[in-house]
Amino acid sequence: MALFSAFQTTFLLALLSLKTYQSEVLSEPLSLAPESLEVSIDSARQCLHLQWSVHNLAYHQELKMVFQIEISRIKTSNVIWVENYSTTVKRNQVLRWSWESQLPLECAKHSVRMRGAVDDAQVPELRFWSNWTSWEEVDVQSSLGHDPLFVFPKDKLVEEGSNVTICYVSRSHQNNISCYLEGVRMHGEQLDPNVCVFHLKNVPFIRETGTNIYCKADRGDVIKGIVLFVSKVFEEPKDFSCETRDLKTLNCTWAPGSDAGLLTQLSQSYTLFESFSGKKTLCKHKSWCNWQVPPDSQEMHNFTLTAENYLRKRSVHLLFNLTHRVHPMAPFNVFVKNVSATNATMTWKVHSIGNYSTLLCQIELYGEGKVIQQNVSVKVNGKHLMKKLEPSTEYAAQVRCANANHFWKWSEWTRRNFTTAEAAPSEAPDVWRNVKSVQGHCVVTLFWKPLSKLQANGKILFYNVVLENLDRPSTLKLLSIPPPANGTELTLDQCSYQIRVTANNSVGTSPASIIAVSGDPGNKEVEEERVKGTEDGFCLSWKPQPGDVTGYVVEWCERPGDPLCDLQWKNLGPDTTSTVVSSDAFRPGVRYNFRIYGISTERIPYLLEKKTGYSQELVPSDNPQVLMSNLTSYSFTLSWKDYAAESQPGFVRGYSLYLKSKAARCLPGSEKAVLSDDSICCKYKIDNPKQKTFVVENLQPASFYEFFLTPYTSVGEGPQGAFTKVTTPDEYSHILIRVILPMIFSILLIMILCYLKSQWMKEKCYPDIPDPYKSSVLSLIKSKENPRLTIMNVKDCIPDAIEVINKQEGTRKSLTETEPTKPTYLYLLPTEKSHSGPGPCICFENFTYNQAASDSASCGHVPVTPKAQPQLGLLTSSENGPKALGKNYVNSLGEIPAGETNLNYVSQLASPMCGDKSSLPTNPPEPALCSEYKTQMAIPMGLASPPSITLLDEGEHDH
Amino acid sequence: MLALCDLGLVLGLLFLSTPAMGSCLDNYQELLGQLQKQADFMQHTSMLLDHYISIQGLDKDGLKEHCQERPGVFPSKDALQRLSRQEFLQILNNTLGHVLHRLRTLQKDIPKAQDLEKLNIAKLNIRGFKNNIHCMAQLLPGSLEKTEPTPTGPGASPSPTPISDAFQRRLEGCRFLHGYHRFMHSVGQVFREWGQSPSRSRRHSPRRGLRKGTHRTHLSSRNKRLMPRGWLPR
């Protein structure tokens, strides 16, 4: 106050002295005019910077003054800006003021002048304007150089949506200048003959590298331009927030606004200012900043975050209490202790927040797919007892904390895993059995299901099976079976047994599962019922059993066709009379068999019902092999007795018989049906699946039919197969068969009898001439080794004459009537001696039979095949002889007219020098010294050559 | 897909450029073939110029017509053809050094990283090409003046006059790249003439059968650099 009084006194004294000076020396008012006015330019920012001072102030004098500034463009009379600038002025103080021009300063000459006045209430008498300063001219154009064309402003940086003024300065009056913005011509206003101005409003962002604006002269290759760097609007930071973890450091975060366009010219800066402490920090990062809280700082903080770039400054504010923004550190020293089968204790520590703060901690326990959550208040040390845990189970426990008084954020979780201890199994194993009788023994296969994790309460080490003979209760047998076995096979005598099965882990034994095996298997015959399966399974029901039943068991095989059928069972209570059996293993088209047992009070199962069914029936997979029988002109019978309907993927409900015929109408009992190939046929429906035969009746004789049989289930018929063709016989053919067959049989019988008769006659009347080769004499001769004695071989004889027997046609004589006829000889050898002169030769007659072609007058020409008689031999037909000898000797018998000659013989000459009986004489030998004989040979039927031998009539036999 | 193909081609060319791996091919024809292919590849404006025009917004009517090569910046084809082989290689090496330096300058006006990719690939290409030029110079007999292998220092070429005006800078950059592609086209043609007439060199013919990994004469760029004699108007 004293200081103020002194200052006031001094000021008044100075003012008085000033007034005295005014009145006494100058006798006129003193003006405080601005002096030393200087104007400089900043082209990039398009700014005029003015600086001046006021010299007429007294020493230490300080006055409020106002300065009026005028700015003119092109000429001084064209004032474009007038502004009053108020400030406090000291003696010789340099005052500064800036003005930003919309028009680039290069576009026109600018002039500035100013005047001042005291604007201080303490000296109201000085409130008048001083004189104007002289005009200060700013002419940038004169320093541009000599280029013909300039465009301004250069490389200007503006925000999207701004208004920008552009100009060009041309040095030539003759050129017509055109200006373009990104290729689009602009139209401006002529500022003076050399300068044109373009006003761009609301400029858009086009690309990061800026917008090209250029001007060209219509003549020459002059092009000049500028790049207008347009940034996107600089946005203020979002989500500004501060928090502390230890009350010593604040971490402030925010989301910076969208990118301004990646312009390198637009680097952004972020500043954090706290108003209560007056401290400020420049943030190093774009999205977060740390702030150190002094130890004696107040709890309240008022922050201002300022984001700034070349063009704009954005600020956001945040006022908060430090203790309300506590984000605790994660708990540490977390342990799980005293872990038993059902309990465990979790302990942890927290970082303290202040002296009296309490933390709220949250504990989460994960195990067996469940989550248990608990909250605990903690100062420094936390402890929590976790109860009702499952034995032998893995758990995960985690804890996090927050400020209990002013919740802000949870800390991060700290997690620990642990496993509870084991306990004895809680449930008895689910046991079932399969009983078979093998060689007088009872083979019991026990099955049990593994205990679930919750039931086992630990790792099952073994299953105990105790067998107790009910007839001799003192007899016990114990078996220990380790997992993973889930069953065992027991061979028992026929005695009754009670079987107890328990599961054991390291801690103890489960309750026992009891099942009894009776000496009587009790598999009474129960009729099987059909049951229809659905997608959800098989719905089975049974009649409730009178008497004491402790429960029911449904048994089935999941793989019925497999020897290891994968036996399954389901235990049901005594009050249950129905259940749904479902399994992922059920497949369509597979027949499943279910057995329902009742469990007696003695734990003996006995069979109640049997069910069978398909989860989904399919059409039959194959068709039966159909046999056709009893084919008549009007019917035939089909049978398919070997067809196994039980192996089909559905219950066979009958058969469909398709019959195709040329008849337009279907027979009674059938109906028209269209096949998959659009052909039409008749269909018989056989509804009885057990029927395995079918008679197709009412057919037409001598008609063609096709049939095809297929079974059908509830879903449909079996696959379409090939039709079997059948033609019904003619109506009279069976009559013919009945007549002709006996006739043929009779003829054959007569023929056989005749043959036998002829054989008998032959034996009795003209027995066979003994074969000299087979004579016992021959062996005698050989033994004496007499070379002169030999047997003439018939083959070696050369015929010398042919006896021709003339037979009267139509005459037929019996054997008894036959007279010896004098034969006619044709002498084939030219020698006279052969028959006339006496010689050593002995001549025999040789009659060889030749059967005529027929036994009647129809006897005709007998064809002779040359190949049929390649060799001479008496066993060949009679034609062979002459033919083999050549046509020079005789005519072929084939040329002999029928009726003239029908029996021939050949006389043969046997050479005494003949050799191998199989060899043929190639040259006819001389018939010297040979013996001649005649013999008779009957040619057996079987030895006759096929083309020339026919069956002789009985009456034609000759000798 | 096209970019991928381009990248594959570039990598292929770089791997062809065996000097980059530390040794030179001693097969003259093979090396000449590589130089031809590389020059043919680098002459395409799609490798550099088109991309530059696009990102700088110069693809506008009335503006792109001014993106023409400024005479005298690059040697003309005629001037190149008049040079001896050794001189040609020397000029080529120096000019490409200048191009590399200029590309580094142009890089400053490209703000986005993805837009720089083409420029960087082009720089890699030029470095590989310069290495092959060096190898070719090794194969030419009797040459005392050898080209130097890359990398060439930034001072290897005259600094362009600094232009503060962004518009003028990008227009000059466009003109420069236009000239560069034209120059590479001419270089490819000269190399092709080498292949057609092996004895055309006025003074030298290629040495054949040089041993692999031949020693190189690394001359000081400060003392031995040839000033381009062929900087003549086309």
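Residues numbered from 1 in each chain as written. Chains lettered and ligands numbered in written order. Predicted model: local features only at pLDDT ≥ 70, side-chain atom pairs only at ≥ 80, totals over all residues. Heavy atoms only, no water.

For chain B, the name recorded in an unreviewed UniProt entry is Oncostatin M, with Panthera tigris altaica as its organism. Of the comments in the UniProt record for chain B, the one headed Subcellular location (unreviewed entry) reads "Secreted". (UniProt positions renumbered as here; feature names shortened; annotations may be inferred.)

Per an unreviewed UniProt entry, chain A goes by Oncostatin-M-specific receptor subunit beta and derives from Panthera tigris altaica. We quote the UniProt Subcellular location (unreviewed entry) comment for chain A here in full: "Membrane". In its Subunit (unreviewed entry) section, UniProt records this for chain A: "Heterodimer composed of OSMR and IL6ST (type II OSM receptor). Heterodimer with IL31RA to form the IL31 receptor."

Residues and elements named next belong to chain A. The sheet built from four strands is open, its strands ordered β8-β10-β14-β13 with antiparallel pairing. Of all strands in the sheet, those bounded by a partner on one side alone are β8 (149-152) and β13 (189-192). Strand-to-strand twist in this sheet, taken as the mean axis angle between neighbours without regard to direction, amounts to 25°. Pairing of β13 with strand β14 (residues 195-200), which is carried by three bridges, proceeds in the antiparallel orientation. Bridged to Q190 within β14 is C196. (Pairing = 2+ DSSP bridges. Helix = DSSP H or I, 4+ residues; strand = E, 2+ residues; numbered from the N terminus. Axes fitted to C-alpha atoms, helices over the stretch in contact; angles between N-to-C directions.)

Now for the interface of chain A and chain B. At the interface, 20 residues of chain A touch 21 residues of chain B. Between chain A and chain B, roughly 1,600 Å² of surface is buried when both sides are summed, and carbon and sulfur atoms account for 56% of that area. One can count two salt bridges joining chain A with chain B. Counting every contact that joins chain A to chain B gives 10 residue pairs in polar contact (both at pLDDT 80 or more). Going through the elements one at a time, β15 (211-217) and β16 (223-231) of chain A are the ones with two or more residues in the side of chain A that touches chain B. It is β16 of chain A that contributes the most residues to the side of chain A that touches chain B, six residues altogether. Of the residues contributing to the side of chain A that touches chain B, the split by class is seven nonpolar, five polar and eight charged. (Contact = heavy atoms within 4.5 Å. Buried area = accessible area lost by both parts, 1.4 Å probe. Salt bridge = Lys/Arg side-chain N within 4 Å of Asp/Glu carboxyl O. Polar contact = N/O pair within 3.5 Å; in protein donor to acceptor, adjacent residues only side chain to side chain. Nonpolar A, V, L, I, M, F, W, Y, C, P; charged D, E, K, R; others polar.)

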